[in-house]
Amino acid sequence: MTNRDVVNAFLTAYQQHDFRAMHRCLDPDVEFHDLAFESIKGADVRAMWQWFCVRTATRKNPVDVPGFQIMRADGDTVVAEYWVRYEPGEGKHVNYIIHSEFTVRNGLICRQVDEPVISNLEFGRMAMGVPLCLLALTPFFKPAIRGKMRKKLDDFAGSAAASAVSA
């Protein structure tokens, strides 16, 4: 399987909300970097993808991935764009494109760096609404988003682990 094929399989599994298939594409020590988490590794990355692929108490549907495109593959690097849509709650709708750079080694994704193809202000407007989106214009925006997302991921990972033990 080529590096392009690995990323294609990963993003196809994301479209299908198949986090187990996504996990099979990931190196055990995978790193993930983006606006919301800055930098997470390994089990946290797996928990994040699982969380995005299932319904939750605050998100009635999994994150929708209506499309993706592999832009180029060069050596260990595969560059893609994928579209996401979700409702973070309270009638808000988030819909944007993510530019993603994957590093693939030994047939597994070992690093992924995501950047939204919109401004922080536009992302804030969709995710938080007006006037809270104005926080995106301050140095407090990224730490606030990251703290909130870290707590949500930790809560999800704890509840997923508890569900697995009780099952």
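The structure contained in this document is the topic of the report that follows. Source: prediction; values computed, not measured.

Calculation criteria
Residues numbered from 1 in each chain as written. Predicted model: local features only at pLDDT ≥ 70, side-chain atom pairs only at ≥ 80, totals over all residues. Heavy atoms only, no water. Helix = DSSP H or I, 4+ residues; strand = E, 2+ residues; numbered from the N terminus. Rg over C-alpha atoms; globule rule 2.2 N^0.38 Å. Buried < 20%, exposed > 50% of the residue type's maximum accessible area, 1.4 Å probe, protein only. Core = buried A, V, L, I, M, F, W, Y, C linked by side-chain atoms within 4.5 Å. Contact = heavy atoms within 4.5 Å. Salt bridge = Lys/Arg side-chain N within 4 Å of Asp/Glu carboxyl O. Polar contact = N/O pair within 3.5 Å; in protein donor to acceptor, adjacent residues only side chain to side chain. Pairing = 2+ DSSP bridges. Phe/Tyr/Trp six-rings, centres within 6.5 Å; stacked < 30°, edge-to-face > 60°.

Quick word on the overall build of the protein chain
At step 1: On a plain count of helices and strands, the protein chain comes out with 5 helices and 6 strands.
At step 2: For the protein chain, the N- to C-terminal ordering of α and β elements is α-α-β-β-α-β-β-β-β-α-α.
At step 3: Its C-alpha atoms give the protein chain a radius of gyration of 16 Å, within 12% of the compact-globule value 15 Å for 167 residues.
At step 4: Projected onto the principal axes, the alpha-carbon positions of the protein chain cover approximately 45 × 40 × 25 Å.
At step 5: With 167 residues in all, the protein chain has 43% of them scored as buried.

Here's the deal with unusual backbone geometry
At step 1: A cis amide bond links Val130 with the next residue in sequence, Pro131, at an omega value of 10°.
At step 2: By secondary structure assignment, the location of Pro131 is in the loop between helix H4 (120–128) and helix H5 (141–166).
At step 3: Its identity is not glycine, yet His17 carries a phi of approximately 60°, on the positive side.
At step 4: Tracing the chain through its elements places His17 in the loop between helix H1 (3–15) and helix H2 (19–24).
At step 5: The phi torsion at Asn106 lies on the positive side, around 55°, for a residue other than glycine.

Focus: the nonpolar core
At step 1: The biggest cluster of nonpolar side chains holds 49 residues, and the ones touching the most others in it are Tyr14, Phe37 and Trp49.
At step 2: Other than its neighbours up to four places away in sequence, Trp49 contacts Phe10, Tyr14, Phe19, Met22, His23, Leu26, Phe32, Tyr82 and Gln112.

With respect to the pattern of salt bridges
At step 1: The final tally for this structure, using the stated rule, is 8 salt bridges.
At step 2: For Glu31, the salt bridge goes to Arg111, with nearest N and O atoms at 3.6 Å. Here Arg111 lies in strand E6 (residues 108–116) and Glu31 lies in strand E1 (residues 26–33), a separation of 80 residues in the sequence.
At step 3: Residue Lys151 is joined to Asp155 by a salt bridge in which the shortest nitrogen-to-oxygen separation is 2.8 Å.

Some remarks on the side chain of Gln112
At step 1: Residue placement: Gln112 occurs in strand E6.
At step 2: A residue is classified by how much of its surface remains accessible, and Gln112, at 1% relative accessible area, is buried.
At step 3: A polar side-chain atom of Gln112 sits 3.0 Å from a polar atom in the side chain of Asp114.
At step 4: With residues near it in sequence (within four places) discarded, Gln112 still touches Phe10, Glu31, Phe32, His33, Trp49, Tyr82, Ser100, Glu101 and Phe102.

Some points on the side chain of Asn3
At step 1: Following the sequence through the fold, Asn3 ends up in helix H1.
At step 2: When sequence neighbours within four positions are dropped, the list of residues in contact with Asn3 reads Gly75, Asp76, Val78 and Val104.

Some points on the pairing of E1
At step 1: Sheet topology note: the E1/E6 ladder contains 4 bridges and is parallel. Bridge pairing in E6 links Glu31 to Arg111.
At step 2: In sequence, E1 turns back onto strand E2 (residues 40–41) through a hairpin of 6 residues, with Glu38 there showing a positive phi of about 60°.

Structural notes on the packing of aromatic side chains
At step 1: Within the structure shown, the criterion is met by 10 aromatic pairs.
At step 2: Here the aromatic rings of Phe37 and Trp51 are separated by 6.5 Å at their centres, their planes lie at 70°, and the arrangement is edge-to-face. Note that Phe37 is positioned in the loop between E1 and E2 and Trp51 in helix H3 (residues 42–52), a separation of 14 residues in sequence. Accessibility classification places Phe37 together with Trp51 in one group, the buried group.
At step 3: For the ring pair Tyr96 and Phe123, a centre distance of 5.5 Å and an interplane angle of 85° mean the geometry is edge-to-face. Taken together, the residues span a long stretch of sequence, with Tyr96 in strand E5 (residues 92–105) and Phe123 in helix H4 at a distance of 27 residues.

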